[in-house]
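Residue strings, one per chain:
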Amino acid sequence: PICVSQKIIQDIAILNRFDLVWMISKREDKLLIDLGLTTKSVIIYPSIETSGLNFNKQLPPLLPLGPNAFNVYSVIHFVRSVLPYINADILKSMSIHVSGSLGSDSALVKFNPPIHHVGFVDDYLKLLAKSCLMLAPTAVGTGQQVKIFESLAVGTPVLAYKSAVPHDVLAENPCIMAANNDEEFARYLSDFATNKDLREKYATLAAQS
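The residue numbering used here restarts from 1 in each chain and proceeds along that chain's sequence as written. With pLDDT at 70 or above as the cut-off, local features in this predicted model cover only qualifying residues; side-chain atom pairs require 80 or more to be listed or tallied, and sums for whole chains, interfaces and linings still use all residues. Hydrogens are left out, water is left out, and the side-chain values use all remaining heavy atoms of the structure.

## A closer look at the pairing of strand β7 (residues 158–161)
Next, step 1: Each residue is placed in one exposure class: buried if its accessible area under a 1.4 Å probe, protein chains only, is under 20% of its type's maximum, exposed if it is over 50%, and partly exposed if it falls in between. For the purposes of this entry, the term helix denotes a DSSP run of H or I that reaches at least four residues, the term strand denotes a run of E that reaches at least two, and both are numbered from the N terminus. Where burial is concerned, the two faces of β7 agree: the one with Val158 and Ala160 and the one with Leu159 and Tyr161 are both buried.
Next, step 2: One bridge is not enough; two strands pair if DSSP finds at least two bridges between them. With 3 bridges joining them, strand β6 (residues 134–136) and β7 adopt parallel strand pairing. Opposite alanine 136, over in β7, you have alanine 160 as the bridge partner.
Next, step 3: Two strands pair when backbone bridges link them, and β7 and strand β8 (residues 176–179) are joined in this way by 4 bridges, in the parallel orientation. Its bridge partner being in β8, valine 158 is matched across the sheet by isoleucine 176.
Next, step 4: Handedness of a crossover is defined as follows: orient the strands so they point away from the viewer, and if the path from the first strand over the helix to the second runs clockwise, the crossover is right-handed. A crossover links β7 with its parallel partner β8, the connecting element being helix α7 (residues 167–172), and its sense is right-handed.

Pasting the structure below:
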């Protein structure tokens, strides 16, 4: 089993060896300080280049991965605890792309429909810009904020857990669907997959972000 809090504490021990660390949200800064960060920290929001991208939302939802404990936990949790809440008929008609890799932990997850593993891509932001939704099923407050900022930068709506989205970012971006629990996460995804008007609404909100 993966102990996320233990992994965070191990990472903090490494950060405390440095003179300065950069954070990307107030939420992350507070979380790490509460867990033992003593190094001076400053918050700097990411800047993401989006010129030349096609923002036509023609691709299925995208769940991006990376080789770290948070991503391993999130995709396992999504498969085991979220997908079972979705109606079987909706699942049959649904498609979810998973990009990237879990590295040495890849053997822990077996991808079956509706999940299709596309692996590493030449231009991730291009893929994200064409996706109708970005899924961020990590239920902890670190390890996913960059993904959210990237998604907002290319005008793609986000579905995430409320506990993991920085409060300031959530308040300023109504295109983020923030679920309180697994069942609500599944309901948001089901509604998004089956309601064209809802997809268009959130695409408009995301374009404004």
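## Let's talk about the nonpolar core
Next, step 1: Core analysis: the biggest nonpolar cluster contains 52 residues, and Phe78, Ile96, Leu135, Ile176 and Leu189 have the highest contact counts within it.
Next, step 2: Here this core takes 5 residues from helix α3 (residues 69–82), the largest share from any one element.
Next, step 3: Contacts between residues were defined by any pair of non-hydrogen atoms, one from each residue, lying within 4.5 Å. Excluding its chain neighbours within four sequence positions, the residues that come into contact with isoleucine 96 are Pro61, Leu63, Phe78, Leu83, Pro114, Ile115, His116, Leu135 and Leu189.
Next, step 4: What is meant by a nonpolar core is a set of buried Ala, Val, Leu, Ile, Met, Phe, Trp, Tyr and Cys residues, joined one to another through side-chain atoms within 4.5 Å. With 7 residues, the next largest nonpolar core counts Ile8, Ile12, Leu37 and Phe70 among its residues.

## Notes on the environment of methionine 94
Next, step 1: Considering the arrangement of structural elements, one finds methionine 94 in the loop between α4 (88–93) and β4 (96–99).
Next, step 2: Distance from methionine 94 to glycine 52, taken between C-alpha atoms, is 29 Å for residues 42 residues apart in sequence.

## Some thoughts on the packing of aromatic side chains
Next, step 1: Between rings of Phe, Tyr and Trp, where Trp is taken as its six-membered ring, a pair exists when centres lie within 6.5 Å; planes separated by under 30 degrees are stacked, by over 60 edge-to-face, and by other angles tilted. For the structure on display, the rule yields 3 aromatic pairs.
Next, step 2: Measuring from centroid to centroid gives 5.6 Å for tyrosine 45 and phenylalanine 149, while their planes differ by 75 degrees, and the two rings are edge-to-face. Of this pair, tyrosine 45 sits in the loop between β2 (40–43) and β3 (62–64) while phenylalanine 149 is found in helix α6 (residues 145–153), placing the two residues 104 residues apart along the sequence.
Next, step 3: Pairing tyrosine 161 with phenylalanine 185 gives two aromatic rings, centres 4.8 Å apart and planes at 35 degrees, and the pair type is tilted. Of the two residues, tyrosine 161 sits in strand β7 while phenylalanine 185 sits in helix α8 (residues 182–194), which places them 24 residues apart along the sequence.
Next, step 4: Connected via pairs of aromatic rings, a cluster forms that spans Phe78, Tyr161 and Phe185.

## Quick look at the packing of α3 against α8
Next, step 1: As a rule, the C-alpha atoms of each element are fitted with a line to give its axis, helices using only the stretch in contact, and angles between N-to-C directions run from 0 to 180 degrees. Between α3 and α8, the shortest axis-to-axis distance is 10 Å and the interhelical angle comes to 85 degrees. With respect to α8, the axis of α3 lies roughly perpendicular. Side by side, α3 and α8 meet where His77, Phe78, Ser81 and Val82 of the first sit next to Asp182, Phe185, Ala186 and Leu189 of the second.
Next, step 2: Amino acid classes used here: Ala, Val, Leu, Ile, Met, Phe, Trp, Tyr, Cys and Pro are nonpolar; Asp, Glu, Lys and Arg are charged; the rest, including Gly, are polar. Residues that form the contact of α3 with α8 fall into these classes: 5 nonpolar, 2 polar and 1 charged. For this classification, under 35 degrees means roughly parallel, over 145 means roughly antiparallel, 65 to 115 means roughly perpendicular, and everything else is oblique.

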